[in-house]
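Chain and residue survey
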Amino acid sequence: MFARTARRQLQSSTGLSCIARSFSSTAPVRTDFTHVIIGGGVVGLAIARSLASYHATHNPNTTSSTLLLERHPHLGTETSSRNSEVIHGGLYYPPDSLKTRLCIAGREQLYDLCNKYSIPHRKTGKWIVAQDAAQLESLERIHETCKSTLGVPTRFLTKTEARNAEPDVRAEAGVLESPETGIVDSHALMTALRGLFEDAGGTVAVNSSVTSITPLPTSPSSLPGSSGYVLTVQDTTTGEPSRITASTVINSAGLHACTIHNLLAPAARHITPFYAKGNYFAYTSPRPRVSRLIYPVVTPGSGGLGTHLTLDLASRIRFGPDVEWVADPTSLSVTASRLPAAVAEIRKYLPGIEVDALAPDYAGIRPKLRRAGAEGKGKDGFVDFYVRREDGFEGWVNLLGIESPGLTSSLAIGGLVREMLVGSKSGRGVDEAPAL
Ligand SMILES: Cc1cc2nc3c(=O)[nH]c(=O)nc-3n(C[C@H](O)[C@H](O)[C@H](O)COP(=O)(O)OP(=O)(O)OC[C@H]3O[C@@H](n4cnc5c(N)ncnc54)[C@H](O)[C@@H]3O)c2cc1C
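The shown structure was predicted, so the numbers you read here are calculated from the model rather than taken from an experiment.

Digging into the overall build of the protein
Secondary structure assignment for the protein yields nine helices and 22 strands. Counting over 436 residues, the protein shows a buried share of 50%. Considering only residue pairs separated by 6 or more positions, the protein has 75% of its internal contacts joining residues 24 or more positions apart.

Structure (structure tokens):
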């Protein structure tokens, strides 16, 4: 497919070659594309759309071009379509972390985009339920940080309010509500982002797997990448390799981002990824009926937010994801062997669950940079999103460990990467708020 899309465009238009980016200190060099984004999940799409719309709005007469490379036949078939589809409030992570800042900014941008382009979504609200004094204390800390530092709305419900609203939900010690939390149709979101990207002049190439990246030769005094990069892209339908050049390279390859990183980084900076699979279970009984998202209090160091109750846009209940550390990022089957542990967790907040109505559903895999927890600091270790212009290189932006809340944060990540590559917060594209 690469041969039929990007290469055709390259061959038919000499104008697509562009002068290497303005921040290069070396003499300008012609490259095939200004920006190449590796990975067509929701984050790669949001970055691609942000860059293309910036250029379409601010430099309409230049030859800037943005190419999105995806190795599968369709966009968004890995983690971006294997998650809870929750628009998170931004409650859990250290206040100054990228996870918090991008989640809060991304959530607002996502609701705006959904409203503007009629992307199916619903602000369901979410409860975090505490069963004992220690869990309640942990909710009080979250509430206090949300109020004093983050400006994220949360409130404690009275026992009567909770009982009236969700009679089947057990919350012995307290309920903290996040009214800004919601759900989104992630497929519709990605379809909309693709449309906006292509409308802004961007090119999508599917069946296009990046197999090598090398900085183009440059003067000894310049950083690698100053003249751009050469990428080998394999057409996954024919096996045929193509060679393209780009002024900037954005690694947004999700579960395989460390592999891409290791293609470019010197051996001493190579990274070994970890994978935390999350298994989901479908629920087919009409009872108990619950009308908002229900989360347990996070167990520090668990690697996830706890086996929670989520709803899809048709109000179907599903439970998950649990945490199963796996060695293989393609290990996506869900077996009934995970059910007993999930049932034990679910019963703590939904005692009336009908076990026979639960069935293994789908799984997604979290790309982890360490075997560490999902929230907080301390010895269990909080690991932030890694979104950086890579040290010692020009024009290489690297995104690693983009686990939850990556879907919620995607638009803000797009804005951040655009700022890293082409300019200031004020120079944003159509329909876009600043990243942070
Ligand atoms: C179980 C689970 C639940 C989650 N729940 C939520 C949630 O409710 N809310 C939320 O905000 N976030 C959630 N997340 C996180 C969210 O799903 C991810 O952060 C987000 O989807 C990451 O998007 P991405 O584009 O970075 O990665 P991906 O969707 O994995 O996309 C990366 C793409 O890169 C492509 N690629 C890889 N290597 C190459 C190559 N060499 N050449 C070309 N293409 C390549 C892949 O094929 C893939 O399509 C959850 C994650 C998991 C695992």
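Regarding the sheet that holds strand S10 (residues 182–184)
Taken in spatial order, the three strands make up an open sheet running S5-S10-S6, and their pairing is antiparallel. Both outer strands of the open sheet, strand S5 (86–87) and strand S6 (121–122), are each paired with one neighbouring strand and no more. Judged from the two bridges that link them, S6 and S10 form a sheet pairing that is antiparallel. Directly across from Arg122, in S10, lies its bridge partner Ile183.

A word on the environment of Gly392
Note that Gly392 resides in the loop between strand S21 (386–389) and strand S22 (396–400). Residue classification places Gly392 among the exposed positions, given that 11 C-beta atoms sit within 10 Å. In the structure, Gly392 is positioned 167 residues away from Gly225 in sequence and 9.1 Å away in space, judged by C-alpha atoms.

Remarks on helix H6 (residues 186–199)
Counted at 1.5 Å a residue, the expected span for H6 with its 14 residues is 20 Å, and the 20 Å between its end C-alpha atoms agrees. All buried positions along H6 are accounted for by Ser186, Leu189, Met190, Leu193, Leu196 and Phe197. Down the axis of H6, the buried set is contained in an arc of 125°. They therefore lie on one face. Buried residues belonging to H6 abut helix H2 (42–58), strand S4 (66–69), S10 and helix H9 (406–422). A positive phi of about 95° marks Gly201, the residue just after H6.

Points about the site of the ligand
Close to the ligand lie 40 residues, the nearest being Gly39, Gly41, Gly254, Gly278 and Gly406. For the shell around the ligand, the secondary-structure elements that each account for two or more residues are H2, strand S12 (208–215), strand S20 (358–368) and H9. Grouping the amino acids of the shell around the ligand by side-chain chemistry returns 14 nonpolar, 20 polar and six charged. The two domains that each donate at least three residues to the shell around the ligand are domain 1 (3–79 + 187–272 + 383–422) and domain 2 (126–179 + 274–368).

A word on unusual backbone geometry
Note: most peptide bonds trans; most residues except glycine with negative phi. Looking along the chain, the bond that leaves Gly320 and enters Pro321 is cis, with omega of -10°. Tracing the sequence through the fold places Pro321 in the loop between strand S18 (317–320) and strand S19 (324–326). That bond from Ser404 to Pro405 is cis: its omega, 10°, falls within 30 degrees of zero. On the secondary structure map, Pro405 appears in the loop between S22 and H9. In this model, Ser118 sits at a positive phi of 55°, which is unusual for a non-glycine residue.

Observations concerning the packing of H2 against H6
Taken N-terminus to C-terminus, the directions of H2 and H6 make an angle of 25°; their axes are 9 Å apart at the nearest point. Considered as vectors, H2 and H6 are oriented roughly parallel to each other. Here H2 runs over H6; the crossing is left-handed. Along the contact surface, H2 presents Val42, Leu45, Ala46, Ala48, Arg49, Ala52 and Ser53, while H6 presents Ser186, Leu189, Met190, Leu193, Arg194, Leu196 and Phe197.

What about the environment of Ala46?
Position of Ala46 relative to the elements: it lies in helix H2. For the pair formed by Ala46 and Leu196, sequence separation is 150 residues and the distance between their alpha carbons is 9.5 Å.

A few points about the environment of Ala253
Secondary-structure assignment places Ala253 in the loop between strand S14 (241–251) and helix H7 (257–264). Sequence separation between Ala253 and Val210 is 43 residues; the distance between their C-alpha atoms is 9.8 Å.

Some thoughts on H7
Taken together, the buried positions of H7 are occupied by Ala257, Cys258, Ile260, His261 and Leu264. On an axial view of H7, the arc spanned by its buried residues comes to 160°, and they lie on one face. Looking at the packing, one finds that the buried side of H7 touches strand S3 (33–38), S12, S14, S20 and S22.

Some points on the confidence of the model for the protein
In the predicted model, the protein carries a mean pLDDT of 90, and the fraction of residues at 70 or more is 88%. Within the model, pLDDT remains below 50 along residues 11–28, and this stretch shows 36 contacts once partners closer than five positions in the same chain are excluded. Of the regions scoring below 50 in pLDDT, residues 426–431 engages in 13 contacts with residues more than four places distant in sequence or in other chains.

Concerning the pairing of strand S15 (residues 274–283)
Two faces, one strand: in a regular strand the side chains alternate between the faces of the sheet. Burial within S15 is extensive, with seven of its ten residues counted as buried. Relative to S20, S15 is paired through nine bridges, and the arrangement is antiparallel. Its bridge partner being in S20, Lys277 is matched across the sheet by Ile365. As judged from the three bridges shared by S15 and S19, these two strands associate in the antiparallel manner. Opposite Ala276, over in S19, you have Trp325 as the bridge partner. Of the strand pairs in this sheet, S15 and S18 are connected by two bridges, and their pairing is antiparallel. Bridged to Ala282 within S18 is Arg318.

Rules behind the numbers
- Residues numbered from 1 in each chain as written.
- Predicted model: local features only at pLDDT ≥ 70, side-chain atom pairs only at ≥ 80, totals over all residues.
- Helix = DSSP H or I, 4+ residues; strand = E, 2+ residues; numbered from the N terminus.
- Buried ≥ 20, exposed ≤ 12 C-beta atoms within 10 Å, placed from the backbone.
- Contact = placed C-beta atoms within 7 Å.
- Pairing = 2+ DSSP bridges.
- Expected span 1.5 Å × (residues − 1).
- Arc of directions from axis to C-beta.
- Near = placed C-beta within 6 Å.
- Nonpolar A, V, L, I, M, F, W, Y, C, P; charged D, E, K, R; others polar.
- Domains from an automatic or database assignment.
- Axes fitted to C-alpha atoms, helices over the stretch in contact; angles between N-to-C directions.
- Parallel < 35°, antiparallel > 145°, perpendicular 65-115°, else oblique.
- Left-handed = near helix turned anticlockwise from the far one by under 90°.
- pLDDT = per-residue confidence, 0-100.

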